[in-house]
Amino acid sequence: MLCLTDVLVTRTAGTPARPPGPPSLLTAVPDPYPLYRVLRTHHPLVYDEPFGAWLVSRYDDVRAALADPRLVPLPGDGPRVAPEADRFLGRALRGPALTALTAAVERGAYVLANRLAAREEADLVAEFCDWLPTATAVAALGLPYEETARVHRWCRTGLGRSGGGRPELGAFLGPLMARRRAHPGGDLLSVLCAARTDDGPLPDETVTELVGTLLGAAGGTTARALASFLANLLDHPGQLSALRARPELTAGAWAESLRRDPPLHIVLRRAVEPVGAIPAGDTVACLLGAAGRDPERFTDPDRYDAFRPDPDPLAPEAEAEALVARLTAEHGLRALLTALPGLRRAQGARRMPEDLVHRSPRTLAVRT
């Protein structure tokens, strides 16, 4: 249940009063962090009229809101993988399929990193972060290599439940699924085609749904999170050198980046029944970007510390998606450090993110 302490809204005759609050989220671009501090300190729960949602900004409140069954995902804004689908994916990503996925991430990371080795400068966002999740998906699913560009387009445009490319993806996967059902292999697509429920094997439509949600996540959240992760380490060369010597600490460094700079700053929920001062039917904006820098939860929260003992990021993505993202980050960093031993930030202006919801570097110029 929400910890709505020091709430600055009241109820009158059953209708919530919505007094003036801080400036709207819509005014917080390109730097939302000053507003986040005001919200956490003075307006832990407040209705943002221009944005059209209640804002929840403290770490404990956001964690509680994400777990509250009275607050459900909005259509198109919920988890990219539904809970039942995540269970299938979680079971699929074990044993030989996990080995194949890990090998696919590692192979794709080294191919991309080695392409940059002969260059003096490169943009890691456009030439590494945007492509590694796609290359991983193609290899792990056992898709034809020559279709990588088409798969990359699907990843970049998104293939959620309402993705416009779903029929095209279904037509593309149809012959591949038929072959996997007849002659399964060790790739993830074969594992999904072989998965069964009480009613029998997963139908093609469900397999397409699972593949589509993973592709959409790979092209969006994972790519943005990887860009922020690499930017944080390049901004702290001492920590980067320490990870070069002790790569087993990379998972913690990745979690710390998700805490400090989550790729998704706002997750929307709708109240299906009253939650404290929030009436049924209203929208709640869980501010991950504010919660991750809550000084009541984290010491020196604005500082990136790859070795922070308890980063504990608020990550609403499904377990299978989180696994793929973590493997991408760990093997991506290892490949870059191996192929580009002199990797460092290039001089010049940095392009800051302009999107409040999805935040990550738009470019990441480096010298190799």
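This write-up is about the structure you can find in this document. (Residues numbered from 1 in each chain as written. Predicted model: local features only at pLDDT ≥ 70, side-chain atom pairs only at ≥ 80, totals over all residues. Heavy atoms only, no water.)

**What to know about the overall build of the chain**
Which entries qualify depends on this criterion: Helix numbers and strand numbers start at the N terminus; a helix is a DSSP run of H or I with at least 4 residues, a strand a run of E with at least 2. Any pair of residues with heavy atoms lying within 4.5 Å of one another is described as a contacting pair.
Of the regular secondary structure elements, the chain holds 14 helices and 12 strands. Counting only contacts in the chain whose residues sit at least 6 apart along the sequence, the fraction spanning at least 24 positions is 72%.

**What to know about the pattern of salt bridges**
When the charged atoms of two side chains lie near each other, side chains of opposite charge can form a pair. Rule in force here: Just to be clear on terms, a salt bridge is a Lys or Arg side-chain nitrogen sitting within 4 Å of an Asp or Glu carboxyl oxygen. Type-normalised accessible area, obtained with a 1.4 Å probe on protein chains alone, sets the label of each residue: buried when under 20%, exposed when over 50%, and partly exposed for intermediate values.
Under the definition given, this model contains 22 salt bridges. As a salt-bridge pair, Arg259 and Glu256 come within 2.8 Å of each other at their nearest N and O atoms. Taken together, the residues span about one helical turn, with Arg259 and Glu256 both in helix 12 (residues 250–260) at a distance of 3 residues. Look at Arg259 and you get buried, because its relative accessible area is 1%. Connected through salt bridges with shared partners, the residues Arg37, Arg260, Asp261, Arg293 and Asp302 form a single ionic network.

**Focus on the pairing of strand 9 (residues 266–271)**
Applicable threshold: Strands pair, by our definition, only if DSSP identifies at least two bridges between them.
Across the 6 residues that make up strand 9, a large majority, 5, are buried. Direction of pairing for strand 5 (residues 71–73) relative to strand 9: antiparallel, over a ladder of 3 bridges. Bridge pairing links Pro73 to Arg269 in strand 9. In terms of strand pairing, strand 9 meets strand 10 (residues 283–287) through 5 bridges, oriented antiparallel. Among the inter-strand pairings, Ile266 is bridged to a residue of strand 10, identified as Leu287.

**Looking at the sheet that holds strand 3 (residues 45–48)**
Short version of the rule: Axes here mean lines fitted to C-alpha atoms, for a helix over just the part in contact, with angles spanning 0 to 180 degrees between N-to-C directions.
Reading across from one edge, 3-4-10-9-5 is the order of the 5 strands in this open sheet, with mixed pairing throughout. Single-partner strands in this sheet number two, and they are strand 3 and strand 5. Between one strand and the next, the sheet's axes are offset by a mean angle of 35°, whatever the strand orientation. The strands touched by helix 2 (residues 59–67) are strand 4 (53–56), strand 5, strand 9 and strand 10; relative to strand 10, the strand with the most contacts, the crossing angle is about 130°.

**As for the sheet that holds strand 11 (residues 344–345)**
Spatial ordering of the open sheet is given by 6-12-11, a layout of 3 strands whose pairing is antiparallel. The sheet is open, and its two edges are formed by strand 6 (121–123) and strand 11, each paired on a single side. Pairing analysis gives 2 bridges linking strand 11 to strand 12 (residues 365–367), with the strands arranged antiparallel. Bridged to Arg344 within strand 12 is Arg367.

**Some thoughts on the packing of helix 12 against helix 14 (residues 319–339)**
As a reminder, the rule being used: By the definition used in this description, the sense in which the near helix is turned from the far one sets the handedness, with an anticlockwise turn below a right angle giving left-handed and a clockwise turn giving right-handed. Under the grouping applied here, Gly and all other residues not named as nonpolar or charged are polar, the nonpolar ones being Ala, Val, Leu, Ile, Met, Phe, Trp, Tyr, Cys and Pro and the charged ones Asp, Glu, Lys and Arg.
Two numbers describe how helix 12 lies on helix 14: the axes approach to 10 Å, and their chain directions differ by 120°. You can see that helix 12 and helix 14 cross each other, and the crossing is right-handed. Side by side, helix 12 and helix 14 meet where Thr250, Ala251 and Trp254 of the first sit next to Ala325, Arg326, Ala329, Glu330 and Leu333 of the second. Class assignment for the residues of the contact of helix 12 with helix 14 results in 5 nonpolar, 1 polar and 2 charged.

**Some thoughts on the environment of Gln239**
Residue placement: Gln239 occurs in helix 11 (residues 237–245). Expressed as a C-alpha distance, the spacing of Gln239 and Asp305, which sit 66 residues apart in the sequence, is 7.9 Å.

**Remarks on unusual backbone geometry**
Within the chain, Asp300 stands out as a residue other than glycine whose phi angle is a positive 50°. When you line up the elements, Asp300 lands in the loop between helix 13 (288–291) and helix 14. Assessed through its relative accessible area of 40%, Asp300 is described here as partly exposed. Phi at Asp312 takes a positive value of approximately 40°, unusual for a residue other than glycine. Secondary-structure assignment places Asp312 in the loop between helix 13 and helix 14. On the basis of relative accessible area, Asp312 is assigned to the partly exposed category, the value being 33%.

**Examining the nonpolar core**
What counts here: Remark: nonpolar core denotes a set of buried residues (Ala, Val, Leu, Ile, Met, Phe, Trp, Tyr, Cys) joined through side-chain atoms within 4.5 Å.
Within the largest apolar cluster, 36 residues are counted, with the highest numbers of intra-cluster contacts made by Leu124, Phe128, Phe229 and Leu230. Elements supplying a minimum of two residues to this core: helix 4 (95–116), helix 5 (124–129), helix 10 (204–234), helix 11, helix 12 and helix 14. By residue number, the principal contributor to this core is helix 10, which donates 8 residues. Discounting residues that sit within four places of it in the chain, Phe229 has contacts with Thr250, Ala253, Trp254, Ser257, Tyr304, Ala329 and Leu333. Formed by 35 residues, the second largest nonpolar core is a distinct cluster that contains Phe88, Leu141, Leu143 and Leu189.

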